[in-house]
Amino acid sequence: MTDLFFLMALLLGGAALLFKQAAEQISVGTSWAGDVCSTSQMFCHHPEYLAYAGGVMLIVAIGAKLGSVAS
């Protein structure tokens, strides 16, 4: 179970990085950035939302791992 939480945290962090880079590249006019930002304007303007969710998932994963070690 903790592996799933760690994987979700990693994927959310990667998605946040992708949307952050796309938001920076959209002004240059790269086609991939336009495709990424067209999927979700909200995450393109606020990639920190995904990073916050990734941080929460990381905290949950660490808590679950500590809980399983303590048992």
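Note that the coordinates shown come from a computational prediction; the quantities given were computed from them, not determined experimentally.

## A few points about the overall build of the protein
Helix and strand content of the protein: 4 helices and 0 strands. The helix and strand sequence of the protein, counted from the amino end, reads α-α-α-α. In terms of overall dimensions, the protein is more spread out than a globule: its C-alpha atoms have a radius of gyration of 15 Å, far above the 11 Å expected for 71 residues. Across its three principal directions, the C-alpha atoms of the protein cover 55 × 15 × 15 Å. In the protein, which comprises 71 residues, the proportion classed as buried is 23%. Taking contacts inside the protein between residues at least 6 apart in sequence as the whole, the part at least 24 apart equals 56%.

## Section: the packing of aromatic side chains
Inspection of every chain in the model, using the stated rule, returns 1 aromatic pair. Plain terms: the ring middles of phenylalanine 19 and phenylalanine 43 are 5.8 Å apart, the flat faces sit at 55° to each other, and that makes the pair tilted. Of the two residues, phenylalanine 19 is situated in helix 1 (residues 2–25) and phenylalanine 43 in helix 3 (residues 41–45); the sequence distance between them amounts to 24 residues. Since its relative accessible area comes to 23%, phenylalanine 43 is described here as partly exposed.

## Quick notes on a nonpolar patch on the surface
A surface patch of nonpolar side chains, amounting to about 640 Å² of accessible area, comprises Met1, Leu4, Leu7, Met8, Leu10 and Leu11. Relative to the elements of secondary structure, leucine 10 occurs in helix 1.

## Overview of the side chain of threonine 2
Assignment of secondary structure puts threonine 2 in helix 1. If we ignore the near neighbours within four places in the chain, the residues touching threonine 2 are Ala61, Ala64 and Lys65.

## Description of the nonpolar core
In terms of nonpolar packing, the biggest core is built from 8 residues, these being Ala16, Phe19, Ala22, Ala33, Val36, Cys37, Cys44 and Leu50. The set of elements that each furnish at least two residues to this core consists of helix 1 and helix 2 (31–39). Look past the residues within four positions of alanine 33 in its chain and what remains in contact with it is Ala22, Gln25 and Ile26.

Rules used in this analysis
Residues numbered from 1 in each chain as written. Predicted model: local features only at pLDDT ≥ 70, side-chain atom pairs only at ≥ 80, totals over all residues. Heavy atoms only, no water. Helix = DSSP H or I, 4+ residues; strand = E, 2+ residues; numbered from the N terminus. Rg over C-alpha atoms; globule rule 2.2 N^0.38 Å. Buried < 20%, exposed > 50% of the residue type's maximum accessible area, 1.4 Å probe, protein only. Contact = heavy atoms within 4.5 Å. Phe/Tyr/Trp six-rings, centres within 6.5 Å; stacked < 30°, edge-to-face > 60°. Patch = residues over 30% accessible without salt bridge, like charges linked within 9 Å, V, L, I, M, F, W, Y side chains within 5 Å. Areas by Shrake-Rupley, 256 points an atom, 1.4 Å probe, with all protein chains shown as cover. Salt bridge = Lys/Arg side-chain N within 4 Å of Asp/Glu carboxyl O. Core = buried A, V, L, I, M, F, W, Y, C linked by side-chain atoms within 4.5 Å.

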